[in-house]
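In case you want the letters, here they are:
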Amino acid sequence: MPRNLILSGGVAHDFPATSAALAGVLAEIGIESEITEDIAGALAEPPPVGLITVNAFRWRIDGDDFAEERDRWRFETPDSVRRTLLAHLARGGGLLAVHTASLCFDDWPEWAEIVGGAWRWGKSYHPPIGPAEVGLAGGHPIVDGLTGFEVTDEVYTDLDVLPDVEPLAYSGDQPLLWARTVAGGRVVYDALGHDTRSYENPVRRALLRRAARWLLGN
């Protein structure tokens, strides 16, 4: 049975609920997930998994916006975490980065290059959560044969996206999903997933299952 490690936790989101919802979607195709908020501990050495998922909001928390939660969720990326993630990719492992993963590990510039994009404070933003129309591109097994859909979610806007990224899903002119090969492994970024409503749409669930299969080389 394929195994998945979900790195979870952070501010302003119900990560226990969304990580459980994500694990449930992947369980439908036989992927067993372990969920942890101890990112440094879980990645102190390479975990015996084919897939690592980042569904977390862990960064240095500079400024006053989240001052009350800083002590619990502030995160500076240890060298061991960097080495382990790069080694996972080098072995051909898959990395699924979800929603706030584009804000994580802000003291590690290479993370944005791995994911393919990043949230930039002062530039990136999102409208209030609500219904969003999602269109799909073609030419990739994650999206081929699926149709656009409506989801209740946040639409991340004006992310810094690398020039070589080819969006597989978008809302308006904002890319929401892409897949790429990095450092010998496969990476998918899915900007959706603010709360569990995002996981109710059957097309979104199909996209996640297909993304996991592609990341695992299936």
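Basis of the calculations
Residues numbered from 1 in each chain as written. Predicted model: local features only at pLDDT ≥ 70, side-chain atom pairs only at ≥ 80, totals over all residues. Heavy atoms only, no water. Core = buried A, V, L, I, M, F, W, Y, C linked by side-chain atoms within 4.5 Å. Buried < 20%, exposed > 50% of the residue type's maximum accessible area, 1.4 Å probe, protein only. Helix = DSSP H or I, 4+ residues; strand = E, 2+ residues; numbered from the N terminus. Contact = heavy atoms within 4.5 Å. Pairing = 2+ DSSP bridges. Salt bridge = Lys/Arg side-chain N within 4 Å of Asp/Glu carboxyl O.

As annotated in an unreviewed UniProt entry, the protein is ThuA domain-containing protein from Microbispora maris.

Caption draft 1: Structural context of the nonpolar core. Residues Trp111, Ile142 and Val188 are the most contacted members of the largest nonpolar core, which totals 70 residues. Looking at which element gives the most residues to this core, the answer is helix 6 (residues 202-215), with 7 residues. Discounting chain neighbours no more than four positions away, the residues touching Ile142 are Leu168, Leu177, Ala179, Val188, Leu207, Arg210, Ala211 and Trp214.

Caption draft 2: Broad picture of unusual backbone geometry. One non-glycine residue with positive phi stands out, namely Ala12, at about 65 degrees. With respect to the helices, strands and loops of the structure, Ala12 is situated in the loop between strand 1 (3-10) and helix 1 (15-27). In the Ramachandran plot, Ala183 falls in the positive-phi region, its phi being about 55 degrees despite a non-glycine side chain. Residue position: Ala183 is located in the loop between strand 10 (174-182) and strand 11 (185-190).

Caption draft 3: Quick peek at the pairing of strand 11. Burial analysis of strand 11 places 5 of its 6 residues in the buried class, which makes it a mostly covered element. Note: strand 4 (residues 94-98) against strand 11, 5 bridges, orientation parallel. Each bridged residue has a counterpart across the sheet, and for Ala97 the counterpart in strand 11 is Tyr189. Hairpin connection between strand 10 and strand 11: a loop of 2 residues separates the two successive antiparallel strands, and Ala183 in this loop has a positive phi of roughly 55 degrees.

Caption draft 4: Representation of the pattern of salt bridges in the model. Throughout the structure, instances matching the rule amount to 9 salt bridges. Across the salt bridge formed by Arg60 and Asp106, the nearest N and O atoms sit 3.2 Å from each other. Of the two residues, Arg60 is situated in the loop between strand 3 (51-57) and helix 3 (70-73) and Asp106 in the loop between strand 4 and helix 5 (109-115); the sequence distance between them amounts to 46 residues. Judged by relative accessible area, which is 30%, Asp106 ranks as partly exposed. When the shortest N-O distance is used, the salt bridge between Asp164 and Arg180 registers 3.2 Å.

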